[in-house]
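As a plain string of letters, each chain reads:
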Amino acid sequence: MPHTRALRNRFVDAPGSVGERLRAARWERFRRLFPGIAGMTVVDLGGTADMWLRAPVRPRHVHLINLEPHPADLPDWISAENADVTDPAVAAGLGSHDLVFSNSTIEHVGGHSQRRRFVAAVEDLAPLHWIQTPYRYFPVEPHFVAPGFQFLPLAARARLVRHWPLTHSRPGSPQEGMDAVINIELLTRAEMRYLFPRSTLLSERVLGVTKSLTAVRAERDPAPGAASKD
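Rules and cut-offs
In every chain, residue numbers begin from 1 and rise along the written sequence. Residue-level local features of this predicted model are given only where pLDDT is at least 70; pairs of side-chain atoms are given and counted only at 80 or more, and the full residue set underlies all totals for whole chains, interfaces and linings. Heavy atoms throughout the structure, all of them, feed into the side-chain values; hydrogens and water do not. The helix count covers DSSP runs of H or I at least four residues long, the strand count covers runs of E at least two residues long, and both are numbered beginning at the N terminus. Exposure classes here rest on a 1.4 Å probe applied to the protein chains alone. A residue is buried below 20% of its type maximum, exposed above 50%, and partly exposed in between. Throughout, a contact is declared for two residues whenever any of their heavy atoms are within 4.5 Å. What sets the accessible areas is the Shrake-Rupley method with a 1.4 Å probe; for residues, cover comes only from the shown protein chains. Any carboxyl oxygen of Asp or Glu that lies within 4 Å of a side-chain nitrogen of Lys or Arg is treated as forming a salt bridge with it. Side-chain rings of Phe, Tyr and Trp (the six-membered ring for Trp) are treated as a pair once their centres are within 6.5 Å; stacked means planes under 30 degrees apart, edge-to-face means over 60, and tilted covers the remaining angles. The term nonpolar core refers to a set of buried residues drawn from Ala, Val, Leu, Ile, Met, Phe, Trp, Tyr and Cys, joined through side-chain atoms within 4.5 Å.

Engineer: Sorry, what's going on with the overall build of the chain here?
Structural biologist: Looking only at helices and strands, the chain has 8 helices and 10 strands in total. Considering the chain as a whole, with its 230 residues, one finds that 43% of them fall into the buried category. Considering only intrachain contacts with a sequence separation of at least 6, the fraction spanning at least 24 residues in the chain is 57%. For the chain, the accessible surface area stands at approximately 11800 Å², while carbon and sulfur atoms represent 55% of it.

Following this line, the structure appears as C-alpha coordinates:
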(Lines give C-alpha, C1' and ligand atoms only; values in the text may rest on other atoms or scores of the structure.)
Protein backbone atom coordinates (compact mmCIF):
# COMPACT_ATOMS: atom_id res chain seq x y z
CA MET A 1 0.00 0.00 0.00
CA PRO A 2 1.60 3.30 -1.11
CA HIS A 3 0.67 5.34 1.97
CA THR A 4 2.21 2.83 4.39
CA ARG A 5 5.35 2.59 2.24
CA ALA A 6 5.63 6.38 2.32
CA LEU A 7 5.25 6.34 6.11
CA ARG A 8 8.02 3.76 6.46
CA ASN A 9 10.25 5.79 4.14
CA ARG A 10 9.68 8.87 6.29
CA PHE A 11 11.16 7.09 9.31
CA VAL A 12 13.65 4.64 7.80
CA ASP A 13 14.64 4.79 4.14
CA ALA A 14 14.18 8.18 2.48
CA PRO A 15 16.75 11.00 2.29
CA GLY A 16 16.32 13.14 5.39
CA SER A 17 14.60 10.34 7.35
CA VAL A 18 15.57 9.48 10.91
CA GLY A 19 17.22 6.32 9.63
CA GLU A 20 19.24 8.20 7.01
CA ARG A 21 20.49 10.72 9.57
CA LEU A 22 21.57 7.91 11.89
CA ARG A 23 23.40 6.16 9.05
CA ALA A 24 25.25 9.37 8.20
CA ALA A 25 26.35 9.78 11.83
CA ARG A 26 27.43 6.13 11.92
CA TRP A 27 29.58 6.57 8.81
CA GLU A 28 31.23 9.63 10.33
CA ARG A 29 32.09 7.65 13.46
CA PHE A 30 33.46 4.86 11.28
CA ARG A 31 35.61 7.34 9.35
CA ARG A 32 37.12 8.72 12.57
CA LEU A 33 37.94 5.24 13.86
CA PHE A 34 39.48 4.07 10.57
CA PRO A 35 41.14 7.14 9.03
CA GLY A 36 43.18 4.94 6.70
CA ILE A 37 40.11 3.26 5.18
CA ALA A 38 40.97 4.46 1.65
CA GLY A 39 43.98 2.16 1.64
CA MET A 40 42.32 -0.86 3.25
CA THR A 41 40.90 -4.10 1.90
CA VAL A 42 37.54 -4.87 3.50
CA VAL A 43 35.45 -8.02 3.67
CA ASP A 44 31.80 -7.17 4.31
CA LEU A 45 29.73 -9.93 5.90
CA GLY A 46 26.11 -9.52 4.85
CA GLY A 47 26.53 -6.24 3.00
CA THR A 48 25.45 -5.02 -0.43
CA ALA A 49 27.12 -3.20 -3.28
CA ASP A 50 24.45 -0.50 -3.16
CA MET A 51 25.39 0.40 0.42
CA TRP A 52 29.06 0.90 -0.50
CA LEU A 53 28.24 2.81 -3.68
CA ARG A 54 26.24 5.28 -1.56
CA ALA A 55 28.71 5.38 1.33
CA PRO A 56 30.77 8.53 2.01
CA VAL A 57 33.91 6.37 2.34
CA ARG A 58 35.60 4.15 -0.25
CA PRO A 59 38.09 1.44 0.73
CA ARG A 60 40.77 0.26 -1.68
CA HIS A 61 38.74 -2.92 -2.20
CA VAL A 62 35.56 -4.43 -0.74
CA HIS A 63 34.62 -8.11 -0.97
CA LEU A 64 30.96 -8.84 -0.22
CA ILE A 65 29.75 -12.12 1.33
CA ASN A 66 25.98 -12.54 1.29
CA LEU A 67 23.40 -15.28 0.84
CA GLU A 68 21.40 -12.96 -1.43
CA PRO A 69 22.28 -12.43 -5.11
CA HIS A 70 24.62 -9.59 -6.03
CA PRO A 71 24.39 -7.32 -9.09
CA ALA A 72 26.24 -8.65 -12.11
CA ASP A 73 27.84 -5.30 -12.97
CA LEU A 74 30.14 -4.20 -10.15
CA PRO A 75 32.92 -1.58 -10.19
CA ASP A 76 36.46 -2.93 -10.12
CA TRP A 77 36.90 -2.04 -6.43
CA ILE A 78 34.00 -4.30 -5.35
CA SER A 79 33.87 -8.09 -5.66
CA ALA A 80 31.15 -10.39 -4.36
CA GLU A 81 30.10 -13.96 -3.77
CA ASN A 82 27.09 -15.86 -2.46
CA ALA A 83 28.21 -17.85 0.56
CA ASP A 84 27.58 -18.52 4.25
CA VAL A 85 30.53 -17.19 6.23
CA THR A 86 29.55 -19.30 9.25
CA ASP A 87 30.80 -22.26 7.21
CA PRO A 88 34.48 -22.52 8.29
CA ALA A 89 35.49 -23.62 4.79
CA VAL A 90 34.18 -20.35 3.34
CA ALA A 91 36.16 -18.17 5.74
CA ALA A 92 39.28 -20.29 5.20
CA GLY A 93 39.10 -19.71 1.45
CA LEU A 94 38.81 -15.92 1.64
CA GLY A 95 42.38 -15.12 2.65
CA SER A 96 43.26 -12.16 4.84
CA HIS A 97 41.98 -8.59 4.74
CA ASP A 98 42.60 -5.41 6.70
CA LEU A 99 39.09 -5.03 8.11
CA VAL A 100 35.90 -7.02 8.60
CA PHE A 101 32.78 -4.86 8.29
CA SER A 102 29.24 -5.96 9.07
CA ASN A 103 26.02 -4.01 9.58
CA SER A 104 22.89 -5.67 11.00
CA THR A 105 23.86 -9.24 10.08
CA ILE A 106 24.92 -11.11 13.21
CA GLU A 107 21.32 -11.09 14.51
CA HIS A 108 20.23 -13.04 11.40
CA VAL A 109 22.69 -15.95 11.34
CA GLY A 110 20.52 -18.33 13.38
CA GLY A 111 21.24 -19.13 17.03
CA HIS A 112 24.12 -18.90 19.45
CA SER A 113 26.29 -21.60 17.85
CA GLN A 114 26.02 -19.86 14.47
CA ARG A 115 26.90 -16.53 16.04
CA ARG A 116 30.02 -18.12 17.52
CA ARG A 117 30.99 -19.33 14.04
CA PHE A 118 30.36 -15.83 12.68
CA VAL A 119 32.69 -14.36 15.32
CA ALA A 120 35.33 -17.00 14.54
CA ALA A 121 35.21 -15.89 10.90
CA VAL A 122 35.58 -12.24 11.93
CA GLU A 123 38.68 -13.10 13.97
CA ASP A 124 40.21 -15.19 11.18
CA LEU A 125 39.60 -12.78 8.31
CA ALA A 126 41.20 -9.55 9.55
CA PRO A 127 42.92 -7.92 12.54
CA LEU A 128 40.40 -5.05 12.60
CA HIS A 129 36.60 -5.05 12.65
CA TRP A 130 33.39 -3.06 12.84
CA ILE A 131 30.39 -5.30 13.72
CA GLN A 132 27.11 -3.42 14.24
CA THR A 133 23.80 -4.86 15.40
CA PRO A 134 20.48 -3.41 16.61
CA TYR A 135 20.12 -3.39 20.40
CA ARG A 136 17.47 -5.75 21.75
CA TYR A 137 16.11 -3.33 24.35
CA PHE A 138 15.55 -0.34 22.08
CA PRO A 139 11.77 0.24 22.29
CA VAL A 140 11.14 -0.03 18.52
CA GLU A 141 12.13 -3.21 16.67
CA PRO A 142 14.12 -1.88 13.68
CA HIS A 143 13.35 -4.47 11.01
CA PHE A 144 9.58 -4.00 11.26
CA VAL A 145 9.46 -0.50 12.86
CA ALA A 146 7.11 -1.92 15.50
CA PRO A 147 7.18 -0.89 19.19
CA GLY A 148 7.90 -3.84 21.48
CA PHE A 149 7.69 -6.33 18.62
CA GLN A 150 10.80 -8.27 19.71
CA PHE A 151 9.26 -9.06 23.11
CA LEU A 152 6.16 -10.79 21.73
CA PRO A 153 5.91 -14.60 21.54
CA LEU A 154 7.16 -16.02 18.25
CA ALA A 155 3.69 -17.06 17.04
CA ALA A 156 2.32 -13.58 17.76
CA ARG A 157 5.17 -11.97 15.79
CA ALA A 158 4.54 -14.28 12.84
CA ARG A 159 0.84 -13.28 12.83
CA LEU A 160 1.41 -9.56 13.37
CA VAL A 161 4.01 -9.20 10.62
CA ARG A 162 1.38 -10.20 8.05
CA HIS A 163 -0.73 -7.15 8.97
CA TRP A 164 1.67 -4.55 10.37
CA PRO A 165 1.64 -1.58 7.93
CA LEU A 166 5.33 -0.61 8.29
CA THR A 167 6.75 -4.01 7.33
CA HIS A 168 9.11 -3.66 4.36
CA SER A 169 7.67 -6.67 2.46
CA ARG A 170 4.47 -7.98 3.94
CA PRO A 171 4.32 -11.81 4.06
CA GLY A 172 1.41 -13.38 2.20
CA SER A 173 0.98 -16.61 4.18
CA PRO A 174 1.48 -17.97 7.73
CA GLN A 175 4.60 -19.81 6.57
CA GLU A 176 6.06 -16.63 5.08
CA GLY A 177 5.22 -14.78 8.29
CA MET A 178 7.16 -17.29 10.35
CA ASP A 179 10.05 -17.21 7.86
CA ALA A 180 10.20 -13.42 8.23
CA VAL A 181 10.65 -13.43 12.01
CA ILE A 182 12.12 -16.74 13.18
CA ASN A 183 15.78 -16.03 12.42
CA ILE A 184 15.91 -12.48 13.79
CA GLU A 185 17.42 -12.61 17.28
CA LEU A 186 18.34 -9.17 18.57
CA LEU A 187 21.37 -9.12 20.86
CA THR A 188 21.93 -7.56 24.27
CA ARG A 189 24.96 -5.68 25.53
CA ALA A 190 25.99 -8.71 27.62
CA GLU A 191 25.84 -11.01 24.56
CA MET A 192 27.97 -8.64 22.46
CA ARG A 193 30.55 -8.35 25.25
CA TYR A 194 30.62 -12.13 25.51
CA LEU A 195 31.06 -12.61 21.76
CA PHE A 196 33.67 -9.83 21.36
CA PRO A 197 35.56 -9.71 24.70
CA ARG A 198 38.64 -7.98 23.22
CA SER A 199 36.71 -5.31 21.30
CA THR A 200 35.45 -1.88 22.27
CA LEU A 201 31.65 -1.80 22.43
CA LEU A 202 30.14 1.43 21.12
CA SER A 203 26.58 2.57 21.74
CA GLU A 204 24.52 4.48 19.16
CA ARG A 205 21.82 6.48 20.95
CA VAL A 206 18.52 8.08 19.99
CA LEU A 207 17.10 10.55 22.53
CA GLY A 208 19.45 9.08 25.10
CA VAL A 209 18.32 5.49 24.51
CA THR A 210 20.71 2.92 23.02
CA LYS A 211 19.53 1.94 19.53
CA SER A 212 22.44 -0.20 18.31
CA LEU A 213 25.73 -1.67 19.45
CA THR A 214 28.98 -1.92 17.53
CA ALA A 215 31.94 -4.12 18.42
CA VAL A 216 35.05 -2.32 17.17
CA ARG A 217 38.69 -3.25 16.96
CA ALA A 218 40.51 -0.28 15.51
CA GLU A 219 44.01 -1.31 16.62
CA ARG A 220 45.87 -4.44 15.59
CA ASP A 221 46.99 -5.45 19.08
CA PRO A 222 44.20 -4.49 21.51
CA ALA A 223 44.68 -4.94 25.21
CA PRO A 224 42.72 -7.81 26.82
CA GLY A 225 39.33 -6.95 28.26
CA ALA A 226 36.27 -5.29 26.75
CA ALA A 227 35.58 -1.59 26.94
CA SER A 228 32.37 0.33 26.46
CA LYS A 229 31.94 3.81 25.04
CA ASP A 230 28.98 6.04 24.43
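There's plenty left to go through after this.
Engineer: Would you mind going over the pattern of salt bridges with me for this structure?
Structural biologist: Any two side chains of opposite charge can pair, on the condition that their charged atoms come close. Inspection of every chain in the model, using the stated rule, returns 5 salt bridges. Measuring nitrogen to oxygen at the nearest pair gives 2.9 Å for the salt bridge that ties Asp50 to Arg54. Here Asp50 and its partner Arg54 are both found in helix H3 (residues 49-54), 4 residues apart, which amounts to about one turn of the helix. Residue classification places Arg54 among the exposed residues on the basis of a relative accessible area of 55%.

Engineer: I'm lost on the packing of aromatic side chains in this one. Help?
Structural biologist: Here a ring pair, both rings aromatic, is described through the centre-centre distance and the interplanar angle of the planes. Across all of its chains, the model carries 10 aromatic pairs by this definition. With a centroid separation of 5.4 Å and an interplanar angle of 65°, the aromatic rings of Trp27 and Trp52 are classed as edge-to-face. Of this pair, Trp27 sits in helix H2 (residues 18-33) while Trp52 sits in helix H3, placing them 25 residues apart in sequence. Pair check on accessibility: Trp27 and Trp52 agree, each one buried. An angle of 90° between the planes, with centres 5.3 Å apart, marks the rings of Phe30 and Trp130 as edge-to-face. In this pair, Phe30 sits in helix H2 while Trp130 sits in strand S5 (residues 128-134), placing the two residues 100 residues apart along the sequence.

Engineer: Sorry if this is basic, but what is going on with the nonpolar core here?
Structural biologist: The nonpolar side chains of a soluble globular protein tend to be buried with one another. Core analysis: the biggest nonpolar cluster contains 25 residues, and Leu45, Val100, Leu125 and Phe196 have the highest contact counts within it. Of all the secondary-structure elements, those providing two or more residues to this core are strand S1 (41-45), helix H4 (88-92), helix H5 (112-125), helix H8 (189-195) and strand S9 (209-217). Looking at this core element by element, the count peaks at 5 residues for H5. Contacts of Leu45, omitting those with residues within four sequence positions, involve Ile65, Val85, Val100, Phe101, Ser102, Thr105, Phe118, Val122 and Leu125. One finds Phe30, Ile37, Val42 and Val216 within the second-largest nonpolar core, a separate group that totals 21 residues.

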